[in-house]
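Coordinate analysis (summary)
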Amino acid sequence: MATDNLFNTRMGKQLYGLLPEVYRTRDNTTDDDGGDLARFLDACGHLLDLIRQTLDQRLADAFPDNPSSGEACQPWLLPYFADLLDVRMVSPDDAGRRDEVAHAVAWRQRKGTLKALEQIAENVGRLEVEIQEGWKRVATTPQVGVPRLLAPALGESALHDAFGDHPGWAARHPGLPAVTVDFRYPSRAMQVATDGGAAPQNPAAKQTTFDGQAVWWRQVNRHGAPCFPGSYEDVSRRTPDVRTPTWSRGHAHPKRVLLHAPPPLGFFGPDPYTTVSDLDYSAEGEHLLEDHHVQGTLTVSAGRLTLRRCTVKQLVATVSSHDDVILTAEDTLFDTVSVGAGAASFDGCTVLGSTTVFKLTAANCIFNGSISATAGGSIRYSRIPADLDEDVEQEANTTDVATLFSALFDEPGAGVLRPDAPATILFGAEDGGEMGAYHGGRVDRPVRIPILGTVTMDLSASSGYTLKDLILEGSGTLRVIQGGLNLERVAAFDVRVESVSPTDAAGMFQPVLIAEDCLFDRLAVVHGLARLVYCTVLSQCQTHRLQASDTIFAAGLDLAPGTAANPHCIRFSRIPEDVDAGYLRTLENTTEPPIFYEFAFDEGGEVVQRRPVFGEPGCATLHPATSEAIRFGAEDGGEMGCYHGWRYSLLMAAVADKLNDFLPVGMEAVIVPDLRLHRLPREACAG
């Protein structure tokens, strides 16, 4: 008798399995429903599961680290651990604070070493850095009689040591503190060939992650002309720079430590999914696949598979087992599913095409195509086709059409609900959330959707829905003609809201646009109230009424005249100098101009360094040269704008502050933004 579908609790299932077979046989259990004994143990399991979760959390609270899986220590306990270990926590996020406490002893043991500094930057600031010691960048006079390290120990050829046979190599010896640049040779980073992924034997080789790709590299021609001055690839020696160190000056000094860090990419970073063409699970046992995009066929010919946060074009399970659940999927998007000889359990999934299973258990799902379940099953709180077989038990389902940005798997926006979808789907899940593959949200895995032309929506029936974690690419316009639009962590090129604001009993306007942690190129709210919190508007912003906090208006701001009953309100924001509107209330704003990072782009066979436009990596990220009134001018001391929740400025400041505790007296750490860390080093020359 299969028990996977009879229990809602983990402990209830375990208790039932521990019973002697005679009691389970006598229980009046059917294929679709548990018997009296099974239901009783399942009810006991609810309490036992809560007790187990409490014990798991209590165990996790004893270890203030970031576990790879499972529960983590609660944030309110971290100050007590820090006090016990005498740790000064500076990181602005919980993960960084946990690492500060967990690595406190190890960092003290390695105090002053490059390894400790690199770990602090990585754990406290989430920065992949390349470190240069300032004393190695200062011009010094070679001393006669002082022995040099042999060239092979520094990763170079032994020919450098054979002065008699190769006198021309003497000036290029890597151990020589030469100052004059040798213009005959370019100095830069170059990839080091590896054998099957093993670490190279060259002692000068380093491993660095460039935009998610780990690469081994080394510095070549240390005395040559630097190809990229000021970057981590520049090791030329200079006269001491005694100016106060900043991101751009004061680097060549014996009391400096330079941390070259890649500028943040913001909304338009690399895809977090791991993309594969086809996968085949042919070994027995339990298989787990998370955060993968399968462009072809995922085949399960043995064992049991669990999917989490995946997108799969075609899933085929050939395992023959009517009693066990072959496929378990959570927050996963499918094109088609075929588990004809086994049972499947879905929670928060979307199937765009057909679903063929022996037995199906589903909740909070969207089935856009047909469903064939030979042995029936149960579907709850889901969107189902109108012709669903009566053998499948149903609860709180709907047959309304799911309005998606795209119903084709290979197109961008596949499976993503539009905000004008039926409310029975947007709020129809068991917990009141949306049905489908993104029931669990899209945090840290935003979906890119192209907007071409004008996309018009009527949101009068779904004004309470919040559109989250989307990147609306392209130069099109998202136009709302009725109802309210709620956005959270969304990047959109052009948004135009034409809805009229409703009023409350006191005659105050209610917002027709609520945006938080959002990036816009252009924004217009023609007849209503816009409420912006932690947003950035790159170009023109036009509103009838505006309430803004911790927001950057980088260019124009056009406000209609306010009234005493409905004034404009802008606080802790960056506004243009020429803003002028009647009944405009302001508090702690600044007119300092924001300075955004410039990035290098390949254009027409040339590399051009310029400010990214909307849709390009690094768009609207604040440069360290930006005034502190913007970088730390939000109400809570963080940065203004759409990346307030990403804490870029606070993380960089936290690293510099933390390093002061682990550097020798008089040493200073300087964080240098380095565009070259977004590009792979040159490949090694053949031969």
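First, a word on scope: everything that follows refers to the structure included in this document.

Calculation criteria
- Residues numbered from 1 in each chain as written.
- Predicted model: local features only at pLDDT ≥ 70, side-chain atom pairs only at ≥ 80, totals over all residues.
- Heavy atoms only, no water.
- Helix = DSSP H or I, 4+ residues; strand = E, 2+ residues; numbered from the N terminus.
- Buried < 20%, exposed > 50% of the residue type's maximum accessible area, 1.4 Å probe, protein only.
- Contact = heavy atoms within 4.5 Å.
- Pairing = 2+ DSSP bridges.
- Axes fitted to C-alpha atoms, helices over the stretch in contact; angles between N-to-C directions.
- Patch = residues over 30% accessible without salt bridge, like charges linked within 9 Å, V, L, I, M, F, W, Y side chains within 5 Å.
- Areas by Shrake-Rupley, 256 points an atom, 1.4 Å probe, with all protein chains shown as cover.
- Salt bridge = Lys/Arg side-chain N within 4 Å of Asp/Glu carboxyl O.
- Lys, Arg positive; Asp, Glu negative; His and termini not counted.
- Charge placed at Lys NZ, Arg CZ, Asp CG, Glu CD.
- Expected span 1.5 Å × (residues − 1).
- Parallel < 35°, antiparallel > 145°, perpendicular 65-115°, else oblique.
- Left-handed = near helix turned anticlockwise from the far one by under 90°.
- Nonpolar A, V, L, I, M, F, W, Y, C, P; charged D, E, K, R; others polar.
- Disulfide = S-S within 2.5 Å.

For the rest of this paragraph, the subject is the overall build of the protein chain. Of the regular secondary structure elements, the protein chain holds 10 helices and 33 strands. By principal-axis analysis of the C-alpha atoms, the protein chain measures approximately 95 × 70 × 55 Å. Taking all 687 residues of the protein chain together, 47% fall into the buried category. Put simply, 43% of the contacts in the protein chain that link residues at least 6 apart link residues at least 24 apart.

Moving on, we get to the sheet that holds strand 3 (residues 206–210). Taken in spatial order, the 4 strands make up an open sheet running 3-4-2-5, and their pairing is mixed. The two strands at the open ends of the sheet, each matched to only one other strand, are strand 3 and strand 5 (224–226). Recorded for the sheet is a direction-independent mean angle of 45 degrees between the axes of neighbouring strands. With 3 bridges connecting them, strand 2 (residues 182–191) and strand 5 associate as parallel partners. Its bridge partner lying in strand 5, Asp-182 is registered against Gly-224.

Together, Leu-47, Ile-51 and Leu-55 make up a nonpolar patch on the protein surface, roughly 290 Å² of accessible area in all. Mapped onto the elements, Ile-51 comes out in helix 3 (residues 36–60).

Attention now moves to a negative patch on the surface. Residues Glu-577, Asp-578, Asp-580 and Glu-592 make up a contiguous surface patch of negative charge. Topologically, Asp-578 is positioned in the loop between strand 29 (568–571) and strand 30 (584–587).

With 12 residues, helix 7 (residues 114–125) extends 16 Å between its outermost C-alpha atoms, agreeing within 8% with the 16 Å of an ideal straight helix rising 1.5 Å per residue. Of all the positions in helix 7, only Ala-116, Leu-117, Gln-119, Ile-120, Ala-121, Asn-123, Val-124 and Gly-125 are classed as buried. Against the buried residues of helix 7 lie helix 5 (94–102), helix 6 (104–109), strand 1 (130–133), strand 6 (256–261) and helix 10 (648–659). Following helix 7 by one or two positions, Arg-126 has its phi on the positive side, about 55 degrees.

Note that strand 3 and strand 4 (residues 213–220) share 5 bridges and pair antiparallel. Its bridge partner being in strand 4, Gln-207 is matched across the sheet by Trp-216. Counting the residues in the hairpin turn of strand 3 and strand 4 gives 2 residues, including Asp-211, whose phi is positive at 50 degrees.

Inspection of every chain in the model, using the stated rule, returns 35 salt bridges. Asp-602 is paired through a salt bridge with Arg-679; the nearest N and O atoms lie 3.3 Å apart. Of the two residues, Asp-602 is situated in strand 31 (residues 599–603) and Arg-679 in the segment after strand 33 (668–673); the sequence distance between them amounts to 77 residues. When its relative accessible area of 23% is taken as the criterion, Arg-679 is described as partly exposed. Sharing partners across several salt bridges, the network here consists of Glu-290, Asp-291, Arg-308, Arg-309 and Glu-330.

Taking strand neighbours across the sheet as the criterion, the 3 strands line up as 1-6-33 in an open arrangement whose pairing is mixed. Both edges of this open sheet fall to strand 1 and strand 33, since each of them pairs with a single strand only. Strand-to-strand twist in this sheet, taken as the mean axis angle between neighbours without regard to direction, amounts to 25 degrees. Bridge count between strand 1 and strand 6: 4 bridges; the pairing is antiparallel. Residue pairing in the sheet places Ile-131 in a bridge with Leu-259 of strand 6. Docked against the sheet, helix 7 engages strand 1 and strand 6, running at close to 140 degrees with respect to strand 1.

Phi at Asp-86 takes a positive value of approximately 55 degrees, unusual for a residue other than glycine. Its location among the elements puts Asp-86 in the loop between helix 4 (78–85) and helix 5. The backbone phi angle of Arg-126 is positive, close to 55 degrees, even though this residue is not glycine. With respect to the helices, strands and loops of the structure, Arg-126 is situated in the loop between helix 7 and strand 1.

This part takes up the packing of helix 4 against helix 5. In contact at an axis separation of 10 Å, helix 4 and helix 5 are set at 25 degrees when each is read in the N-to-C sense. When the axes of helix 4 and helix 5 are compared, the pair comes out roughly parallel. Judged by the twist between their axes, the crossing of helix 4 over helix 5 is left-handed. In this structure, helix 4 uses Leu-78, Phe-81, Ala-82 and Leu-85 to contact helix 5, whose residues at the interface are Asp-94, Arg-97, Arg-98 and Val-101. Grouping the amino acids of the contact of helix 4 with helix 5 by side-chain chemistry returns 5 nonpolar, no polar and 3 charged.

Inspection of the entire model under this criterion finds 0 disulfides. Of all cysteine sulfurs in the structure, the one in Cys-349 sits closest to Cys-310, which takes part in no disulfide; the separation is 9.8 Å. Its relative accessible area of 1% is what places Cys-310 among the buried residues.

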